[in-house]
Amino acid sequence: MGKIRYVKNADDLKLAAQFNPEFLPSSLRQIRAVYETDPDIVAAVLPPPLSPGRRPEVGVTISQVAIHFAPGFDVSIGAAIFGVRAVYEGIEGLYMITMPMTTEGAVVGGRETYGEPKKLAEIAFDWDAEVISASVTRHGVAYLEVKGTLGEPLGAREFTEYAYCFKCLPALERSKALEFDPLLVRLEWHHAVSTARRMEGEVILRESMFDPVVDVPVRRLVSMTYEEGSTRSGGKVLRSVSAVGLLPFLHQRYDDVVPLLAGLGVQPGDGHA
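One structure accompanies this document, and this report is about it. What you see is a predicted model; the values in this text were computed from it and never measured.

**Overview of helix 4 (residues 243-250)**
Within helix 4, burial applies to Ala243, Leu246 and Leu250. Looking straight down helix 4, one finds its buried side chains confined to an arc of 70°; they lie on one side. The exposed residues of helix 4 that point more than 90 degrees off its buried face are Val244 and Pro248. Those residues of helix 4 that are buried lie in contact with strand 10 (157-167). One side-chain oxygen of the residue at the start of helix 4 lies 3.2 Å from the amide nitrogen of valine 244, identifying that residue as serine 242.

Next comes the structure, spelled out in C-alpha cells:
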C-alpha cells in the first residue's frame, strides 16, 4: 500500500510543526497609523479582564507580507490589524478587534494557533509617486483605508509590540455557547524596522454591516508611518476567562448575519423545521 497523505508519521508531524507560518519570520512593508477615539468607546469594546490603556487610542496597520518558508521560497499575503489600547497585568498592547487577511492559510493558522480574530478580505496597497494608500475590502465595501504622503525619514529601530486576543471554540450543543472556557492570549510581535518615513495622511472608516469599524470613530490622528522590515510572531496563554463575559464581544470575529436578517424581517425559525 502506498503512502496515504491523510495520515502523517512522526517525522512528517515534526516537519509540519517547523513550517507553521505563524512561527516563521517574515518581511513586510506597511502603513502604521494610530488615532485617538472616545474613551467610553474603548472601555465598551474591551472584554474582561482587559482594561483601557493610558490613552484612548486605536492602532491600524495594513501590510504586504512575505513569509519566509525556506531560502528562495516566500509566500506573499496582505494583512491588516485594527485594535484598541488595552492593559493586562501592567502590560499594554492592542486588543485585536479584527485582523483581515488575504489567504485562507493565514486566517486558519492565526485563529487556531493564537485565537486571532482573522477574516478573509481583499487588501490593496497602492503607490503614486510619494503618495501611498492601502485599503481593506469585504463584501464589496472598502471599510478601512489609510493613505498619506511620505515625509521625513525616520531611524531604524527594533521593538516588541504586544496584542491581546482570546482563543476559544464554539460549542456544537445548543445548551452551551463554547466547548471550553476561553483563553486570554498575549501576542508578541518582534519587529526590526530597517526603513521608516513619517507620513501626513488620514484614516478613513466606512460603514460596513459585517465589519463596523466606523463605530470606533477617528477623533484625532496621532501618528502615521511607512515602514519596511522584518517581524517574528510569538505569544503565550495567560489564563482562562469566563465564557459569559466574552460572549457579548465574540460575534464580531464572524460575519454576524442577525442584523441583516432583522432588516429583512426574518424571525428566528422562519423557513426551518
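**Focus: the nonpolar core**
Buried together is how nonpolar side chains tend to be arranged in soluble globular proteins. Leu50, Phe82 and Val146 are the most contacted members of the largest nonpolar core, which has 43 residues in total. The dominant element in this core, judged by the number of residues it contributes, is strand 4 (residues 73-88), at five residues. Ignoring sequence-local partners within four residues, the contact set of phenylalanine 82 consists of Tyr35, Val58, Gly59, Val60, Tyr95, Met96, Ile97, Thr98, Leu144, Leu205, Val213 and Val216. Listed in part, the 19 residues of the second largest apolar core include Val65, Leu94, Met99 and Leu187.

**Concerning the pairing of strand 1 (residues 26-36)**
Of all 11 residues in strand 1, eight are buried; the element is thus mostly enclosed. Relative to strand 12 (residues 220-240), strand 1 runs antiparallel, the two being bridged by 11 bridges. From the neighbouring strand, arginine 32 faces strand 12, where its bridge partner is threonine 225. As paired elements, strand 1 and strand 3 (residues 57-70) share 11 bridges and run antiparallel to each other. Counted as the bridge partner of valine 34 is glycine 59 from strand 3.

**Description of helix 1 (residues 10-18)**
With respect to burial, helix 1 is a largely exposed element, only zero of its nine residues being buried. Between the side-chain oxygen of the N-cap and the backbone nitrogen of aspartate 11 there are 3.1 Å, and the N-cap of helix 1 in question is asparagine 9.

**Digging into the state of the cysteines**
What the rule picks out here adds up to zero disulfides. We note that cysteine 165 lacks a disulfide partner, and the nearest cysteine sulfur, in cysteine 168, lies 9.5 Å from it. A relative accessible area of 1% places cysteine 165 in the buried class. Overall, the relative accessible area of 14% leaves cysteine 168 in the buried class.

Parameters at a glance
- Residues numbered from 1 in each chain as written.
- Predicted model: local features only at pLDDT ≥ 70, side-chain atom pairs only at ≥ 80, totals over all residues.
- Heavy atoms only, no water.
- Buried < 20%, exposed > 50% of the residue type's maximum accessible area, 1.4 Å probe, protein only.
- Helix = DSSP H or I, 4+ residues; strand = E, 2+ residues; numbered from the N terminus.
- Arc of directions from axis to C-beta.
- Contact = heavy atoms within 4.5 Å.
- Polar contact = N/O pair within 3.5 Å; in protein donor to acceptor, adjacent residues only side chain to side chain.
- Core = buried A, V, L, I, M, F, W, Y, C linked by side-chain atoms within 4.5 Å.
- Pairing = 2+ DSSP bridges.
- Disulfide = S-S within 2.5 Å.

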